[in-house]
Amino acid sequence: MRTYLARALERSGYEVVSVENGRDALPHIDTDRFDLLLTDIVMPEMDGIELAQHAASVAPDMRIMFITGFAAVTLKAGKAVPQAKVLSKPFHLRDLVLEVERMFGSESVPASTDNP
């Protein structure tokens, strides 16, 4: 799924850094600048909420979008990171791109995206 999401965003003009999980994303978040963190919530080792909280502490201007297939987890994410957008599975790739575009409004610079 990560490959399809990355490809859809790249085709829409976004620069994407894709990693397998939250732990692999940490070094990128700590050393590089990203406009958007796109992460699943349920992941092994480090869940997306923990990752988003870390990202928010390191880069408070980074936008955060969660994807999830679990309604109860959506509520937890909303409480933990209230400024984040949550996109529920299943969704069409064009819906993902539209939501990312909405997050950036009329900004003309494509977003760097990380998807652990």
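Note that the structure is predicted; figures quoted are calculated from it, not measured. (Residues numbered from 1 in each chain as written. Predicted model: local features only at pLDDT ≥ 70, side-chain atom pairs only at ≥ 80, totals over all residues. Heavy atoms only, no water.)

1. Describing the overall build of the chain
Across its full length, the chain holds 5 helices and 5 strands. Mapped from its N terminus to its C terminus, the chain presents α and β elements in the order α-β-α-β-α-β-α-β-α-β. Here the contacts in the chain between residues at least 6 apart in sequence split such that 67% fall between residues at least 24 apart. When the accessible area of the chain is evaluated, it comes to approximately 6300 Å², of which 51% is carbon and sulfur surface. (Helix = DSSP H or I, 4+ residues; strand = E, 2+ residues; numbered from the N terminus. Contact = heavy atoms within 4.5 Å. Areas by Shrake-Rupley, 256 points an atom, 1.4 Å probe, with all protein chains shown as cover.)

2. Points about the environment of Val16
Secondary-structure assignment places Val16 in strand 1 (residues 15-18). For the pair formed by Val16 and Ala6, sequence separation is 10 residues and the distance between their alpha carbons is 6.2 Å.

3. Re the side chain of Asp40
Within the secondary structure, Asp40 is located in strand 2 (residues 36-40). For Asp40, a relative accessible area of 15% corresponds to the buried category. Side chain to side chain, Asp40 and Lys89 meet in a polar contact 2.8 Å long. (Buried < 20%, exposed > 50% of the residue type's maximum accessible area, 1.4 Å probe, protein only. Polar contact = N/O pair within 3.5 Å; in protein donor to acceptor, adjacent residues only side chain to side chain.)

4. Points about the packing of helix 1 (residues 2-11) against helix 5 (residues 93-104)
Contact geometry for helix 1 and helix 5: axes closest at 10 Å, N-to-C directions at 55°. Considered as vectors, helix 1 and helix 5 are oriented oblique to each other. Like other packed secondary-structure pairs, helix 1 and helix 5 cross with a definite hand, here right-handed. From helix 1, Tyr4, Leu5, Ala8 and Leu9 reach across to helix 5, where they touch Leu93, Leu96, Val97 and Val100. Taken together, the residues that form the contact of helix 1 with helix 5 break down as 8 nonpolar, no polar and no charged. (Axes fitted to C-alpha atoms, helices over the stretch in contact; angles between N-to-C directions. Parallel < 35°, antiparallel > 145°, perpendicular 65-115°, else oblique. Left-handed = near helix turned anticlockwise from the far one by under 90°. Nonpolar A, V, L, I, M, F, W, Y, C, P; charged D, E, K, R; others polar.)

5. Comments concerning the packing of helix 2 (residues 22-31) against helix 3 (residues 48-58)
When two helices pack together, their arrangement is captured by the angle between the axes and the distance separating the axes. The geometry of helix 2 relative to helix 3 is characterised by a closest axis approach of 10 Å and an angle of 5° between their N-to-C directions. With respect to helix 3, the axis of helix 2 lies roughly parallel. Contact residues: helix 2 offers Gly22, Ala25, Leu26, Ile29 and Asp30, while helix 3 offers Leu51, His54, Ala55 and Val58. Here the residues of the contact of helix 2 with helix 3 sort into 6 nonpolar, 2 polar and 1 charged.

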